[in-house]
Amino acid sequence: HLGGGVILPGKSIGNNIGAFVAKIPGEMQNTDSSSESTAAATTTAIDRLQRVHKSLYYCKRSPAPLISHYGAKFCSTLLPTSVTQRLFANANGGACVAVSNSRGSSKKLHLGGRTIESSAGFLPLPPGINIGIIVQTYAGTCSLSVTAERYAVPDADQFL
C-alpha cells in the first residue's frame, strides 16, 4: 500500500495500491555438504528470504510503485477499458505470478460479539498473470491463498 500500510487520520484506505515487477533471487545452491539435514535446509530458507527481502527493499523505495499507481489511475480514468486492459496485460514485464502480502492483526478480532478465527486473502488476477498468491498473517498464524487459472495450476495441492 502506498501509505506503507498505515492509514492516516482522516484518510480511508481507498485503492492506493502501486505495483511493480521485480526480479527476485531464484534457486540457491546449498553450500552445506549435509544438505539433507533440517538445519541446512532452514539456513538455506533463511538466506533465501533475506536475499529476496533485500532485493525487494530497494524496489519498494524506488519511484516504481508511485509511477505504477498514477499510471494505472490515469489509464483507468481516461482511456477506454479495452486499451487499459491491453496496456496492463503487456506491462507485467514477463511475470507469471503476482504475490502480495497482507499483515493482519496480531490478536484475534471480534465482530458482532463473535471471534474471527481466521481470514483468507484474495488476489484478483491482473491481466496477463495466471497465478496470484497472498501471504497473510492473522493472530500469529501465517497462511497462503492462491488464485489461479485452472490450466496454470491443475493440481492446487501439488502446487502448494
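Residues numbered from 1 in each chain as written. Predicted model: local features only at pLDDT ≥ 70, side-chain atom pairs only at ≥ 80, totals over all residues. Heavy atoms only, no water.

> Explain the overall build of the protein to me, and be specific about the residues and the numbers.
Looking only at helices and strands, the protein has four helices and five strands in total. Counting from the amino terminus, the protein carries its helices and strands in the arrangement α-α-α-β-β-β-β-β-α. Sequence-distant contacts in the protein: of pairs separated by 6 or more residues, those separated by 24 or more amount to 51%. When the accessible surface of the protein is summed, it comes to about 12200 Å², and 57% of that surface belongs to carbon and sulfur atoms. (Helix = DSSP H or I, 4+ residues; strand = E, 2+ residues; numbered from the N terminus. Contact = heavy atoms within 4.5 Å. Areas by Shrake-Rupley, 256 points an atom, 1.4 Å probe, with all protein chains shown as cover.)

> Any chance you could break down the packing of aromatic side chains for me, citing the residues and the numbers?
Tallying each qualifying case throughout the model produces one aromatic pair. Geometrically, the ring pair formed by Tyr-57 and Tyr-58 is edge-to-face, given 5.4 Å between the ring centres and 90° between the ring planes. (Phe/Tyr/Trp six-rings, centres within 6.5 Å; stacked < 30°, edge-to-face > 60°.)

> Describe the sheet that holds strand E4 (residues 131–138), with residues and values.
The strand order across the open sheet formed by three strands is E1-E4-E5, and the pairing between neighbours is mixed. Each edge of the open sheet is held by one strand with a lone partner, namely strand E1 (97–103) and strand E5 (141–148). Put simply, the sheet's adjacent strands are angled 15° from each other on average, direction ignored. As paired strands, E4 and E5 are joined by eight bridges and run antiparallel to one another. Looking at the pairing, Ile-134 lines up with Ser-145 of E5. (Pairing = 2+ DSSP bridges. Axes fitted to C-alpha atoms, helices over the stretch in contact; angles between N-to-C directions.)

> Describe the pattern of salt bridges, naming the residues involved and giving the relevant values.
Evaluated as defined, the whole model comprises one salt bridge. One salt bridge in this structure joins Glu-117 and Lys-108, with 2.5 Å as the shortest N-O distance. (Salt bridge = Lys/Arg side-chain N within 4 Å of Asp/Glu carboxyl O.)

> Residues and numbers for the environment of Arg-51, please.
Mapping Arg-51 onto the fold places it in helix H1 (residues 38–60). In this structure Arg-51 comes out as partly exposed when scored by relative accessible area, which is 44%. For the pair Arg-51 and Pro-25, spaced 26 residues apart in sequence, the C-alpha separation works out to 6.7 Å. (Buried < 20%, exposed > 50% of the residue type's maximum accessible area, 1.4 Å probe, protein only.)

> Help me get a handle on helix H2 (residues 64–78), residues and values and all.
Along an α-helix, residues three or four apart share an orientation, since each turn contains 3.6 residues. Helix length check: H2, at 15 residues, gives a terminal C-alpha distance of 21 Å against a target of 21 Å (1.5 Å per residue), a fit within 8%. Those residues of H2 lying buried are Pro-65, His-69 and Cys-75. Down the axis of H2, the buried set is contained in an arc of 140°. They therefore lie on one face. Exposed positions of H2 whose direction lies more than 90 degrees from the buried face are Ile-67, Tyr-70, Thr-77 and Leu-78. (Expected span 1.5 Å × (residues − 1). Arc of directions from axis to C-beta.)

> Which residues make up the confidence of the model for the protein, and what values go with them?
For any part of a model where pLDDT is low, the fine detail of the predicted coordinates should not be relied upon. For the protein, mean pLDDT is 78; residues scoring 70 or higher make up 77% of the total. Mean pLDDT in the protein bottoms out at H1, which sits at 74, and peaks at strand E3 (residues 114–115), which reaches 94. (pLDDT = per-residue confidence, 0-100.)

> Go over the environment of Ser-106 with me, naming the residues and quoting the values.
Relative to the helices and strands, Ser-106 is located in the loop between E1 and strand E2 (110–111). For Ser-106 and Tyr-138, which are 32 residues apart along the polypeptide, the C-alpha to C-alpha distance reads 5.8 Å. With residues up to four places along the chain from it excluded, the contact list for Ser-106 reads Ala-139 and Gly-140.

> Tell me about the packing of H2 against helix H3 (residues 81–90), and please be specific about residues and values.
One can describe the packing of H2 onto H3 by two numbers: an axis separation of 8 Å at closest approach and a directional angle of 155°. Relative to H3, the element H2 is oriented roughly antiparallel. Between H2 and H3 the crossing geometry is left-handed. Contacts from Ala-72, Cys-75 and Ser-76 of H2 reach H3 at Thr-84, Leu-87 and Phe-88. Split into classes, the residues belonging to the contact of H2 with H3 amount to four nonpolar, two polar and no charged. (Parallel < 35°, antiparallel > 145°, perpendicular 65-115°, else oblique. Left-handed = near helix turned anticlockwise from the far one by under 90°. Nonpolar A, V, L, I, M, F, W, Y, C, P; charged D, E, K, R; others polar.)

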